[in-house]
Amino acid sequence: RVFVPGRVCLLGEHSDWAGARAARDGPGACVVVGTREGVSARCDVGEGPRFRVVGADGDAFECDVSVDDALEREASSGGYWSYVAGTALEVLRRFPRCRERGLVVETLETTLPTRKGLSSSACVCVLVARCFGVAYELDLELKDEMELAYRGEAVHTPSKCGAMDQACAYGSERVVALTFDGEDVDVRACEVGGEIHIVVCDLAASKSTVRILADLQGAFDRGDEALRSALGARNRALVAEGLDAIKRGDARALGAVYTRAQTTFDEAAIHICPSELTAPRLRETLAAVAHDVPETVFGAKGVGSQGDGAAQFVAVSEAAAKTLRQYLHDFSGGRFKVFDVVLRDEERHARTSTHK
């Protein structure tokens, strides 16, 4: 059984592609954490040169992999199966011995919302890479899975994602800092000084990450100085403050950084892609929480590429997180999917759990 979670970008949205595009602006930086929600599957080598993936709903994609044609067509289509096809194509070009017997992947369960800024596409790309690695004993390291998944999506599909999303490979509730300097990506685990409860809320609306990326990248490449500063120097300062707050286990300080980060992004980006970044559902939800239950949160912001996908809140405490989850459920009439991500020191948590 193979499981890959989603991920929440705590701070530093869009800094991956920005850091890869503009050396003069300095490296991009972000902090992410894996969710408990994700996709689980079982996998095995097949009986011939076929690649078959069965979704949790029973729908399936299957094609011949003795040549690249079918995978290339599916990946470039941008359709539902494009991400798995693109990743399979990348793996098979890197490890041609996998073509002879192919791969069968059966999805067992999907608990991660899609198109909400939680890296659902990167999750399935990492899942496919990991399944190949497990079935063929390829001894892939996490960085190998991330690279195969990233290239599977960014090179072979219409999605022009950056390289942060694939950090979901590190696992559930692992806090990871990434820097992006040209083509170089550095990943390191973060020290967490105490439990911080993040409440994530699927806003039950829609967004187009492809449109957001196209508009922001276009403006960035045309030299929009406000956007370049927001995704460059100003973002690095916010990420550094956020990492310091996480290291100290200081939820209040992290919440304050969240609020400033959202303001910084809004001022630089909304006018570039107003159809997506005006995000009325996000604004309404943030305002409602601030008005009705301000005692439960230290700060809040959008998720992923931003827009009306999801919101995230730094809760005052575990009890406050529970109150906030109930409020969001009632506020939405049960439409919002709400869940927690807990930032915590893994070794300390393991020791505590052992002695309970």
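Details of the structure are given in the entry above.
On a predicted model such as this, the values are computed, not experimentally measured, just so you know.

### Observations regarding the pattern of salt bridges
It is possible for side chains bearing opposite charge to pair when their charged atoms get close.
Next, step 1: In this structure the tally under the stated criterion is 24 salt bridges.
Next, step 2: One salt bridge connects Asp144 with Lys143, and the closest N-O pair in it is separated by 3.7 Å.
Next, step 3: You can call Asp144 buried: its relative accessible area is 17%.
Next, step 4: Among the ionic contacts, a cluster of salt bridges with common partners joins Arg36, Glu173, Glu195 and Arg344.

### Looking at the packing of aromatic side chains
Next, step 1: All told, the structure shown has 8 aromatic pairs when counted by the stated rule.
Next, step 2: Here Trp17 and Phe220 contribute two aromatic rings whose centre-to-centre distance is 5.3 Å and whose plane-to-plane angle is 80 degrees, an arrangement assigned as edge-to-face. Of this pair, Trp17 sits in helix α1 (residues 15–21) while Phe220 sits in helix α6 (residues 209–221), and the two are 203 residues apart along the sequence. For the residue pair Trp17 and Phe220, the accessibility class agrees, reading buried in each case.
Next, step 3: When the ring of Phe51 is compared with that of Phe61, the centres are 6.4 Å apart and the planes differ by 70 degrees; the resulting orientation is edge-to-face. Here Phe51, found in strand β3 (residues 50–54), pairs with Phe61, found in strand β4 (residues 60–64); they are 10 residues apart in sequence, far enough to count as distant. By the burial criterion, Phe51 is buried, and Phe61 matches it.
Next, step 4: Taken together, the ring pairs connect Phe51, Phe61, Tyr80, Trp81, Phe132 and Tyr136 into an aromatic cluster.
Next, step 5: Note that Arg228 overlies the ring of Phe220, its terminal NZ or CZ placed 4.6 Å from the centroid.

### Considering the packing of helix α3 (residues 82–94) against helix α4 (residues 120–136)
Next, step 1: One way to put it is that α3 packs onto α4 with a least axis distance of 9 Å and a crossing angle of 35 degrees. Our pair here, α3 against α4, has a crossing hand that is right-handed. Seen from α3, the contacting residues are Tyr83, Val84, Thr87, Ala88, Val91 and Leu92; seen from α4, they are Ser121, Val124, Cys125, Val128, Ala129 and Phe132.
Next, step 2: Of the residues belonging to the contact of α3 with α4, the class tally is 10 nonpolar, 2 polar and no charged.

### Description of the nonpolar core
Next, step 1: One finds Leu10, Phe51, Leu71, Phe132, Ile198, Leu254 and Leu343 to be the most contacted residues of the largest nonpolar core, which totals 80 residues.
Next, step 2: Ranked by the residues each element gives to this core, the list is headed by α4, at 10 residues.
Next, step 3: Those residues within four positions of Leu10 in sequence are excluded, and the remaining contacts are Val31, Val32, Val33, Ile198, Ile246, Tyr258, Lys301, Gln312 and Leu343.
Next, step 4: In terms of nonpolar packing, the next biggest core, distinct from the first, is built from 19 residues, Cys201, Leu282, Ala311 and Phe336 among them.

How each quantity is defined
Residues numbered from 1 in each chain as written. Predicted model: local features only at pLDDT ≥ 70, side-chain atom pairs only at ≥ 80, totals over all residues. Heavy atoms only, no water. Salt bridge = Lys/Arg side-chain N within 4 Å of Asp/Glu carboxyl O. Buried < 20%, exposed > 50% of the residue type's maximum accessible area, 1.4 Å probe, protein only. Phe/Tyr/Trp six-rings, centres within 6.5 Å; stacked < 30°, edge-to-face > 60°. Helix = DSSP H or I, 4+ residues; strand = E, 2+ residues; numbered from the N terminus. Lys NZ or Arg CZ within 6 Å of the ring centre and 35° of its normal. Axes fitted to C-alpha atoms, helices over the stretch in contact; angles between N-to-C directions. Left-handed = near helix turned anticlockwise from the far one by under 90°. Contact = heavy atoms within 4.5 Å. Nonpolar A, V, L, I, M, F, W, Y, C, P; charged D, E, K, R; others polar. Core = buried A, V, L, I, M, F, W, Y, C linked by side-chain atoms within 4.5 Å.

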